[in-house]
Amino acid sequence: DTEVTQTPKHLVMGMTNKKSLKCEQHMGHRAMYWYKQKAKKPPELMFVYSYEKLSINESVPSRFSPECPNSSLLNLHLHALQPEDSALYLCASSLIGAETQYFGPGTRLLVL
Amino acid sequence: KQEVTQIPAALSVPEGENLVLNCSFTDSAIYNLQWFRQDPGKGLTSLLLIQSSQREQTSGRLNASLDKSSGRSTLYIAASQPGDSATYLCAVRPEGGNEKLTFGTGTRLTIIP
(Lines give C-alpha, C1' and ligand atoms only; values in the text may rest on other atoms or scores of the structure.)
Protein backbone atom coordinates (compact mmCIF):
# COMPACT_ATOMS: atom_id res chain seq x y z
CA ASP A 1 0.00 0.00 0.00
CA THR A 2 1.74 3.17 -1.22
CA GLU A 3 -1.15 5.51 -0.80
CA VAL A 4 -1.99 8.48 1.36
CA THR A 5 -5.72 8.97 1.72
CA GLN A 6 -7.52 12.12 2.76
CA THR A 7 -11.12 12.69 3.76
CA PRO A 8 -13.28 14.45 2.96
CA LYS A 9 -12.48 15.36 -0.65
CA HIS A 10 -14.47 18.57 -0.37
CA LEU A 11 -15.65 20.57 2.63
CA VAL A 12 -17.79 23.68 2.90
CA MET A 13 -18.02 25.28 6.31
CA GLY A 14 -19.19 28.47 7.92
CA MET A 15 -16.96 30.66 10.02
CA THR A 16 -18.49 29.39 13.26
CA ASN A 17 -18.29 25.69 12.42
CA LYS A 18 -15.90 23.10 13.79
CA LYS A 19 -14.70 20.45 11.38
CA SER A 20 -11.79 18.05 10.98
CA LEU A 21 -9.68 16.86 8.08
CA LYS A 22 -8.32 13.35 8.18
CA CYS A 23 -5.23 11.80 6.63
CA GLU A 24 -4.19 8.15 6.74
CA GLN A 25 -1.25 6.09 5.50
CA HIS A 26 -0.18 2.51 6.05
CA MET A 27 3.34 2.68 4.68
CA GLY A 28 5.02 2.72 8.09
CA HIS A 29 6.02 6.35 7.64
CA ARG A 30 6.75 8.13 10.91
CA ALA A 31 6.83 11.67 9.47
CA MET A 32 3.56 13.30 8.43
CA TYR A 33 2.88 16.76 7.08
CA TRP A 34 0.10 19.26 6.48
CA TYR A 35 0.40 21.75 3.62
CA LYS A 36 -1.90 24.53 2.49
CA GLN A 37 -2.14 25.40 -1.19
CA LYS A 38 -3.94 28.41 -2.58
CA ALA A 39 -4.98 28.50 -6.21
CA LYS A 40 -2.05 28.76 -8.62
CA LYS A 41 0.43 28.90 -5.76
CA PRO A 42 2.88 26.29 -4.47
CA PRO A 43 2.11 24.31 -1.33
CA GLU A 44 3.11 25.95 1.94
CA LEU A 45 4.15 23.82 4.88
CA MET A 46 1.95 24.14 7.97
CA PHE A 47 2.95 21.35 10.36
CA VAL A 48 5.32 18.39 10.58
CA TYR A 49 4.93 15.43 12.94
CA SER A 50 7.86 13.12 13.64
CA TYR A 51 7.19 9.97 15.65
CA GLU A 52 3.72 11.33 16.45
CA LYS A 53 5.16 14.49 18.00
CA LEU A 54 4.85 17.98 16.54
CA SER A 55 8.29 18.95 15.26
CA ILE A 56 7.56 21.94 13.03
CA ASN A 57 4.81 24.55 13.29
CA GLU A 58 5.20 27.22 10.66
CA SER A 59 3.53 29.93 12.76
CA VAL A 60 0.08 28.71 11.81
CA PRO A 61 -2.89 30.47 13.48
CA SER A 62 -4.41 28.60 16.41
CA ARG A 63 -7.70 28.15 14.57
CA PHE A 64 -5.83 25.24 12.92
CA SER A 65 -5.09 22.48 15.42
CA PRO A 66 -3.18 19.38 14.29
CA GLU A 67 -3.32 16.01 15.98
CA CYS A 68 -1.46 12.77 15.40
CA PRO A 69 -3.28 10.08 17.42
CA ASN A 70 -1.14 7.23 16.10
CA SER A 71 1.54 6.49 13.53
CA SER A 72 -0.98 6.06 10.69
CA LEU A 73 -3.35 8.96 11.28
CA LEU A 74 -3.06 12.71 11.08
CA ASN A 75 -5.92 15.09 11.74
CA LEU A 76 -6.35 18.80 11.26
CA HIS A 77 -9.04 20.34 13.45
CA LEU A 78 -10.60 23.52 12.14
CA HIS A 79 -12.45 26.13 14.19
CA ALA A 80 -13.55 29.71 13.52
CA LEU A 81 -11.91 29.80 10.11
CA GLN A 82 -11.87 32.84 7.85
CA PRO A 83 -12.81 32.97 4.15
CA GLU A 84 -9.12 33.46 3.30
CA ASP A 85 -8.46 29.99 4.73
CA SER A 86 -10.22 28.50 1.71
CA ALA A 87 -7.62 26.38 -0.05
CA LEU A 88 -6.52 22.84 -0.93
CA TYR A 89 -5.14 21.13 2.16
CA LEU A 90 -2.59 18.46 1.38
CA CYS A 91 -1.29 15.75 3.64
CA ALA A 92 2.01 13.96 3.03
CA SER A 93 4.08 11.30 4.70
CA SER A 94 7.63 9.98 4.53
CA LEU A 95 10.13 7.82 6.32
CA ILE A 96 12.09 9.78 8.92
CA GLY A 97 15.19 11.18 7.26
CA ALA A 98 14.08 9.89 3.87
CA GLU A 99 13.79 12.08 0.90
CA THR A 100 10.56 11.37 -0.85
CA GLN A 101 7.30 12.66 0.54
CA TYR A 102 4.14 10.94 -0.61
CA PHE A 103 1.16 13.22 -1.02
CA GLY A 104 -2.53 12.59 -0.66
CA PRO A 105 -5.10 13.97 -3.13
CA GLY A 106 -6.04 16.82 -0.80
CA THR A 107 -9.18 18.25 0.74
CA ARG A 108 -10.63 21.28 -0.99
CA LEU A 109 -11.96 23.58 1.72
CA LEU A 110 -14.34 26.48 1.18
CA VAL A 111 -15.07 28.79 4.11
CA LEU A 112 -18.18 30.91 3.74
CA LYS B 1 15.29 32.43 3.83
CA GLN B 2 15.27 30.01 0.91
CA GLU B 3 13.45 31.22 -2.19
CA VAL B 4 12.72 28.94 -5.11
CA THR B 5 11.72 30.31 -8.50
CA GLN B 6 10.58 28.53 -11.64
CA ILE B 7 10.67 30.06 -15.08
CA PRO B 8 8.61 30.15 -17.19
CA ALA B 9 5.37 30.26 -15.20
CA ALA B 10 3.53 28.71 -18.14
CA LEU B 11 4.64 26.90 -21.28
CA SER B 12 2.78 25.49 -24.28
CA VAL B 13 4.53 23.23 -26.77
CA PRO B 14 3.38 20.96 -29.60
CA GLU B 15 3.28 17.25 -28.94
CA GLY B 16 6.52 15.44 -29.65
CA GLU B 17 8.84 18.29 -28.80
CA ASN B 18 11.55 18.12 -26.19
CA LEU B 19 11.39 20.77 -23.48
CA VAL B 20 13.23 22.09 -20.44
CA LEU B 21 11.80 23.46 -17.21
CA ASN B 22 13.95 25.58 -14.94
CA CYS B 23 14.24 25.89 -11.17
CA SER B 24 16.43 28.34 -9.25
CA PHE B 25 17.08 28.50 -5.53
CA THR B 26 18.82 31.20 -3.51
CA ASP B 27 20.48 29.14 -0.75
CA SER B 28 22.81 26.43 -2.02
CA ALA B 29 22.87 24.65 1.36
CA ILE B 30 20.42 22.01 0.24
CA TYR B 31 20.17 18.33 1.12
CA ASN B 32 18.31 17.39 -2.06
CA LEU B 33 15.98 18.69 -4.76
CA GLN B 34 12.80 17.02 -5.89
CA TRP B 35 10.59 17.47 -8.93
CA PHE B 36 6.83 16.89 -8.65
CA ARG B 37 3.90 17.08 -11.02
CA GLN B 38 0.45 18.20 -10.00
CA ASP B 39 -2.70 17.72 -12.04
CA PRO B 40 -5.44 20.34 -11.55
CA GLY B 41 -7.05 20.09 -8.12
CA LYS B 42 -5.03 17.00 -7.24
CA GLY B 43 -2.17 16.04 -4.97
CA LEU B 44 1.50 15.95 -5.92
CA THR B 45 3.30 13.04 -7.56
CA SER B 46 7.04 12.73 -7.06
CA LEU B 47 8.94 12.44 -10.36
CA LEU B 48 12.64 12.60 -9.57
CA LEU B 49 14.82 13.30 -6.57
CA ILE B 50 18.44 14.43 -6.82
CA GLN B 51 20.75 14.32 -3.84
CA SER B 52 23.02 17.33 -3.33
CA SER B 53 26.03 15.20 -4.28
CA GLN B 54 24.49 14.10 -7.59
CA ARG B 55 24.47 15.86 -10.93
CA GLU B 56 21.48 14.21 -12.56
CA GLN B 57 18.76 11.60 -12.34
CA THR B 58 16.77 9.92 -15.09
CA SER B 59 13.43 8.19 -15.20
CA GLY B 60 12.03 7.22 -18.58
CA ARG B 61 11.58 10.36 -20.67
CA LEU B 62 12.50 12.60 -17.76
CA ASN B 63 15.96 13.81 -16.86
CA ALA B 64 16.69 16.17 -14.00
CA SER B 65 20.01 17.93 -13.46
CA LEU B 66 21.37 19.81 -10.49
CA ASP B 67 24.06 22.49 -10.27
CA LYS B 68 24.11 23.11 -6.56
CA SER B 69 26.80 25.78 -6.55
CA SER B 70 24.89 27.96 -9.00
CA GLY B 71 21.52 27.22 -7.41
CA ARG B 72 19.92 25.71 -10.49
CA SER B 73 18.09 22.60 -11.59
CA THR B 74 16.47 21.66 -14.88
CA LEU B 75 13.86 19.08 -15.79
CA TYR B 76 14.15 17.81 -19.34
CA ILE B 77 11.14 16.08 -20.88
CA ALA B 78 11.76 14.19 -24.10
CA ALA B 79 9.17 13.55 -26.79
CA SER B 80 6.38 15.32 -24.94
CA GLN B 81 2.87 13.85 -24.86
CA PRO B 82 -0.55 15.38 -24.05
CA GLY B 83 -0.53 13.36 -20.81
CA ASP B 84 2.47 15.39 -19.68
CA SER B 85 0.22 18.45 -19.33
CA ALA B 86 0.30 19.42 -15.64
CA THR B 87 1.96 21.85 -13.28
CA TYR B 88 5.55 20.96 -12.46
CA LEU B 89 6.98 21.96 -9.10
CA CYS B 90 10.51 21.73 -7.81
CA ALA B 91 11.19 21.60 -4.07
CA VAL B 92 14.39 21.82 -2.05
CA ARG B 93 15.14 20.30 1.30
CA PRO B 94 17.68 22.10 3.49
CA GLU B 95 20.89 20.61 4.86
CA GLY B 96 20.80 19.48 8.46
CA GLY B 97 18.06 16.89 8.38
CA ASN B 98 15.14 19.33 8.56
CA GLU B 99 12.07 17.75 7.01
CA LYS B 100 10.84 21.02 5.54
CA LEU B 101 10.45 21.32 1.78
CA THR B 102 10.41 24.73 0.11
CA PHE B 103 8.49 24.63 -3.14
CA GLY B 104 9.06 26.61 -6.29
CA THR B 105 6.43 28.75 -7.91
CA GLY B 106 5.62 26.08 -10.51
CA THR B 107 5.48 25.86 -14.30
CA ARG B 108 2.12 25.09 -15.90
CA LEU B 109 2.83 22.94 -18.94
CA THR B 110 0.39 22.38 -21.79
CA ILE B 111 1.21 19.92 -24.56
CA ILE B 112 -0.77 20.69 -27.70
CA PRO B 113 -1.91 17.58 -29.62
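Given the structure is predicted, the values throughout are model-derived calculations rather than measurements.

Here we look at the pattern of salt bridges
For step 1, the next point in the chain: Under the definition given, this model contains seven salt bridges over all chains.
For step 2, the next point in the chain: The closest approach of N and O atoms between Glu-52 of chain A and Arg-30 of chain A, which form a salt bridge, is 2.8 Å. Here Glu-52 of chain A, found in the loop between strand E5 (44–50) and strand E6 (53–57), pairs with Arg-30 of chain A, found in the loop between strand E3 (18–25) and strand E4 (31–37); they are 22 residues apart in sequence, far enough to count as distant.
For step 3, the next point in the chain: A relative accessible area of 31% means that Arg-30 of chain A is categorised as partly exposed.
For step 4, the next point in the chain: A salt bridge links Arg-61 of chain B to Asp-84 of chain B; the shortest N-O distance between them is 2.8 Å. Taken as a pair, Arg-61 of chain B in the loop between strand E6 (56–59) and strand E7 (62–67) and Asp-84 of chain B in the loop between strand E8 (72–77) and strand E9 (86–94) lie far apart in primary sequence, 23 residues in all.
For step 5, the next point in the chain: Given the relative accessible area of 28%, Arg-61 of chain B is considered partly exposed.
For step 6, the next point in the chain: Each of the salt bridges in this network shares a partner with another, and the network as a whole consists of Lys-36, Arg-63 and Asp-85 of chain A.

What to know about the state of the cysteines
For step 1, the next point in the chain: For the structure shown, the criterion picks out two disulfides over all chains.
For step 2, the next point in the chain: The disulfide that involves Cys-23 of chain A links it to Cys-91 of chain A, with 1.9 Å between the sulfurs. Judged by the torsion about the S-S bond (-70 degrees), the Cys-23 of chain A/Cys-91 of chain A disulfide is left-handed. Here Cys-91 of chain A lies in strand E9 (residues 87–94) and Cys-23 of chain A lies in strand E3, a separation of 68 residues in the sequence.
For step 3, the next point in the chain: Classification of Cys-91 of chain A by relative accessible area gives buried; the value is 0%.
For step 4, the next point in the chain: Disulfide partner of Cys-23 of chain B: Cys-90 of chain B, at an S-S distance of 2.0 Å. Given an S-S torsion of about 80 degrees, the disulfide between Cys-23 of chain B and Cys-90 of chain B has right-handed geometry. Separated by 67 residues along the polypeptide, Cys-23 of chain B in strand E3 (residues 19–25) and Cys-90 of chain B in strand E9 bring together distant segments of the chain.
For step 5, the next point in the chain: Of all cysteine sulfurs in the structure, the one in Cys-23 of chain A sits closest to Cys-68 of chain A, which takes part in no disulfide; the separation is 9.1 Å.

Re a nonpolar patch on the surface
For step 1, the next point in the chain: Among the surface-exposed residues, Val-12, Leu-110 and Leu-112 of chain A lie close enough to one another that they form a single nonpolar patch of about 280 Å² accessible area.
For step 2, the next point in the chain: Along the chain, Leu-110 of chain A turns up in strand E11 (residues 107–111).

Rules of the game
- Residues numbered from 1 in each chain as written.
- Chains lettered and ligands numbered in written order.
- Predicted model: local features only at pLDDT ≥ 70, side-chain atom pairs only at ≥ 80, totals over all residues.
- Heavy atoms only, no water.
- Salt bridge = Lys/Arg side-chain N within 4 Å of Asp/Glu carboxyl O.
- Helix = DSSP H or I, 4+ residues; strand = E, 2+ residues; numbered from the N terminus.
- Buried < 20%, exposed > 50% of the residue type's maximum accessible area, 1.4 Å probe, protein only.
- Disulfide = S-S within 2.5 Å.
- Patch = residues over 30% accessible without salt bridge, like charges linked within 9 Å, V, L, I, M, F, W, Y side chains within 5 Å.
- Areas by Shrake-Rupley, 256 points an atom, 1.4 Å probe, with all protein chains shown as cover.

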